[in-house]
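Architecture and fold: a report
The chain contents come next:
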Amino acid sequence: MGKSLTRKIIESHYVSGSMVPGEEVFIKVDQTLTHDINAVMTYLAFEAIGLDRIRTECSVSYLDHNLLYVDNKTPDDHIYLQSAAKKFGVHVSRPGNGICHTVHVARFGAPGKISMGGDSHTPHGGSIGMLCIGVGGMDVATAMTGVPMRLKMPRVVQVYLTGELKPGVNAKEVILEMLRRVSIKGGLGNVYEYVGPGAAKLEVPQRATITNMGAELGATTSIFPADEQVHKFLKAQGREEAYTELLPDEDAEYDERIEINLSELEPLISCPHQPDNVIPLKDVERKPVQQVFIGSCTNTSYADVAKAALVFKGRQVNENVSCTCGIASRQTYKELLRDGYIDMLIDAGVRILEIACGPCCAIGQTPATEGIAVRTSNRNFKGRAGNPTAKIYLVSPESAAATAIKGTFASAEEILGEDVKKLAEIHEPEEYIVNDSMIIKPLPEEEAKKVEIVKGPNIKFLPVPEEPQQHLCVPVSLKGGDNISTDDITPASAEFSSMRSNIPLMSKYCYHRYAPDFSERARQMSKSIIIGGENYGQGSSREHAAINPMFLGVKCVIAKSIARIHKGNLVNHGIIPMLFEDPESYDKIDQGDELEINNLLDQIPTRKVEVFNKTKGFSFFVNLDLSDNEVEVVLSGGQLRFLKKQLAAQEK
Ligand code: F3S
């Protein structure tokens, strides 16, 4: 049998381990990316490791998420990140150049490479045949040392696309259809490989919408072949030399197959409060919409915004709707400006925002109380837009524009009628406007050594966990339900994002919206355990959802299931992730119960630990879904301690 594209790329980067799905494999990483609201901890960790320079082919630090300098904190972070990048040989994409994933694919990505990014939407790069994996910041720091990265060898699912998208139907519909079928946790451990005649017709930015939001399936990543569409895209970016054709074998073996006929897709909508709550747009109850946001890395390519602009052309944003547009890169913005589409948006009353993530992570444009917000971004968790009473719906840019005009949910066809066909004439440019003047290149090594890293008052220390002890007897500081997201644990928003370099301050807001009294309670308990339901830690890759609880003394999380990236972050930051062997044990535990574990260090390598509930007087077992390497990291007290030992051993 032939090989999938995923298998070919992993094989070409293989260092050690087993390539059997579910087992641990170690791979060489070519590229990394970080962004401003997660990266300070990454570079503090890299500093603590003690290397002079990165050992990847290319690492890029993007300043793109929080560009609202409402006080000293974010500028402090940006100055720190820029100086750390200079010191360590990292490229910097300056504020205003664009959102990390969009810029990375356009200016740095190449087929066949492996990239790890400190952001869950890193799989965006799968659109050009790269294997791009979202991880926590400590993993990015590790990848930058050149140490081979651990990966659970994925199952590879073939998604066979046939047909062609109808005008007014966007690539967003493909990923919403996948979410409807697979669910937010159905993709765990999988790579989704999109092939077939339908895939061949999708342009790279359309593919990026699909691979980007594949993160919402809980998947390891998603990927398209590097074919003629990728060639065309890289040529249009003036980087034809980066292209290599990379396809799965004709008779490639897959672990599962899904088929979608693109011609049958209709506009879809993801309803609050989970991305997989997907229904046909025509079936949603027509409520008044308060806010529309066309933006984010997921859905603001040239063609996306141009199509939305054509829906708006000669029409007005409804008087009851606040409609904003945040374009993902300076390059796209200039092209849209050149071709008159920005004018169409402005004439319609759309407010053009800065080139940044902004509202996608609650940095500005918070909806009103109980407000209905319609967005082209990728997550609709409660509170994701900064207001837990708001209800977020996710749609394509064409549907978002139609909704902004109508004041209630609508499709492009409802606005344009027969003219909807004109949307099919819009394609990506043959040649993009290339201007890399906002990218700061690394200094030569000798010059870089002289650079002083600048640490303003917002840059605090990197907390390092304690090593685990044989005996643990601690109370439960929180019992949570299913699908707790990293947004629930460490809220987004301008206010909280700018605290991410300052853990003593930020930890005060840990679980701020979900359980406002958690932080103080955990602090008073000094050491504790968190109990969670299914899919604990889903969503954003932000490792602060592990660092803050660790700083507050949380030693273990016992849950029914734990999302992939978050599990890695817990391991890296010294919190032991544990899974209920019998989910019924969950029901018998209450917040405040005292849990005791004896011989913990001896039990960890067996992956099965007995826990005694002293308050209720019963024992239960938990399993540790940890690889050999993760067991070593846990026993070392986190990745930083482990990595230092490993590098010291290599130097001998
Ligand atoms: Fe930014 Fe939202 Fe994408 S926060 S990186 S635009 S998912």
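Fair warning: this is a prediction, and the values are worked out from it, not measured in the lab. (Residues numbered from 1 in each chain as written. Predicted model: local features only at pLDDT ≥ 70, side-chain atom pairs only at ≥ 80, totals over all residues. Heavy atoms only, no water.)

1. A look at the overall build of the protein
- Counting its regular elements, the protein contains 25 helices and 27 strands.
- For the protein, the spread of C-alpha atoms along the principal axes amounts to about 70 × 55 × 55 Å.
- Considering only intrachain contacts with a sequence separation of at least 6, the fraction spanning at least 24 residues in the protein is 77%.
- Positive and negative side-chain charges in the protein, numbering 70 and 84 respectively, have mean positions lying 3 Å apart. (Helix = DSSP H or I, 4+ residues; strand = E, 2+ residues; numbered from the N terminus. Contact = heavy atoms within 4.5 Å. Lys, Arg positive; Asp, Glu negative; His and termini not counted. Charge placed at Lys NZ, Arg CZ, Asp CG, Glu CD.)

2. A closer look at the packing of aromatic side chains
- In total, this model carries twelve aromatic pairs according to the counting rule given.
- Ring centres of F461 and F551 lie 6.3 Å apart, and the angle between their planes is 50°; this geometry places the pair in the tilted category. With F461 in the loop between α15 (445–449) and β21 (472–479) and F551 in helix α20 (residues 544–551), the pair connects residues that are 90 residues apart, well separated along the chain.
- Classification of F461 by relative accessible area gives partly exposed; the value is 46%.
- Ring centres of F496 and Y509 lie 5.2 Å apart, and the angle between their planes is 55°; this geometry places the pair in the tilted category. Placement of the pair is F496 in helix α17 (residues 494–497) and Y509 in the loop between α18 (503–506) and α19 (518–525), with a sequence separation of 13 residues.
- For F496, a relative accessible area of 4% gives the class buried.
- The ring of Y160 has R257 lying over it, and the distance from NZ or CZ to the ring centre is 4.6 Å. (Phe/Tyr/Trp six-rings, centres within 6.5 Å; stacked < 30°, edge-to-face > 60°. Buried < 20%, exposed > 50% of the residue type's maximum accessible area, 1.4 Å probe, protein only. Lys NZ or Arg CZ within 6 Å of the ring centre and 35° of its normal.)

3. Details of helix α5 (residues 137–144)
- Here α5 lies mainly inside the structure; eight of its eight residues are buried.
- Of the positions making up α5, those classed as buried are G137, M138, D139, V140, A141, T142, A143 and M144.
- After α5 finishes, the residue G146 shows a positive phi value of roughly 85°.

4. Quick notes on the site of the ligand
- Taken together, H65, I99, H101, H121, S296, C297, C357, C360, C361 and N378 are the residues near the ligand.
- Here the residues of the shell around the ligand sort into five nonpolar, five polar and no charged. (Near = heavy atom within 4 Å. Nonpolar A, V, L, I, M, F, W, Y, C, P; charged D, E, K, R; others polar.)

5. Quick notes on the packing of helix α10 (residues 302–312) against helix α11 (residues 330–338)
- Between α10 and α11, whose axes approach to 10 Å, the crossing angle comes to 40°. Relative to α11, α10 is oriented so that their crossing is right-handed. Where α10 approaches α11, its residues Y302, V305 and A306 are matched on the opposing element by T332, E335 and L336.
- A per-class count over the contact of α10 with α11 returns four nonpolar, one polar and one charged. (Axes fitted to C-alpha atoms, helices over the stretch in contact; angles between N-to-C directions. Left-handed = near helix turned anticlockwise from the far one by under 90°.)

6. A look at the sheet that holds strand β12 (residues 256–261)
- In spatial order, the strands read β11-β10-β9-β12; together these four strands make up an open sheet with parallel pairing. Each of the sheet's edge strands pairs with one partner strand only, and the pair in question is β11 (221–223) and β12. Neighbour-to-neighbour, the strand axes of the sheet open up by a mean angle of 20°, direction not taken into account.
- In terms of strand pairing, strand β9 (residues 155–162) meets strand β10 (residues 190–195) through six bridges, oriented parallel. Across the sheet, the residue bridging to Q158 is E193, located in β10. (Pairing = 2+ DSSP bridges.)

7. What to know about the sheet that holds strand β24 (residues 576–580)
- The sheet built from seven strands closes into a barrel, its strands ordered β21-β22-β23-β24-β27-β26-β25 with mixed pairing. Pairwise comparison of adjacent strand axes, ignoring direction, gives a mean angle of 40° for this sheet.

8. Topic: the side chain of H544
- With respect to the helices, strands and loops of the structure, H544 is situated in helix α20.
- The exposure class of H544 is buried, given its relative accessible area of 0%.
- When neighbours within four sequence positions are excluded, H544 is seen to be in contact with I37, N38, M41, T490, R500, I503, M506 and P549.

9. Overview of unusual backbone geometry
- Here the amide bond leading from P272 into H273 is cis, since omega sits at -5°, within 30 degrees of zero.
- Following the sequence through the fold, H273 ends up in the loop between β13 (268–270) and β14 (278–280).
- The backbone phi angle of Q365 is positive, close to 60°, even though this residue is not glycine.
- As for its position among the elements, Q365 is in the loop between β17 (351–352) and β18 (372–375).
- The class of Q365 is partly exposed, set by a relative accessible area of 22%.

10. With respect to the pairing of strand β26 (residues 608–613)
- The side-chain alternation of β26 yields one buried face, formed by V609, V611 and N613, and one unburied face, formed by K608, E610 and F612.
- Summarising the sheet, strand β25 (residues 594–597) and β26 pair through two bridges and their orientation is antiparallel. Of the residues in β26, the one forming a bridge with L595 is N613.
- Two elements, β26 and strand β27 (residues 618–623), share six bridges in a ladder whose sense is antiparallel. The residue of β27 that forms the bridge with F612 is S619.
- Once β26 ends, the chain turns through four residues before running back antiparallel as β27, passing G617 with a positive phi of about 75°.

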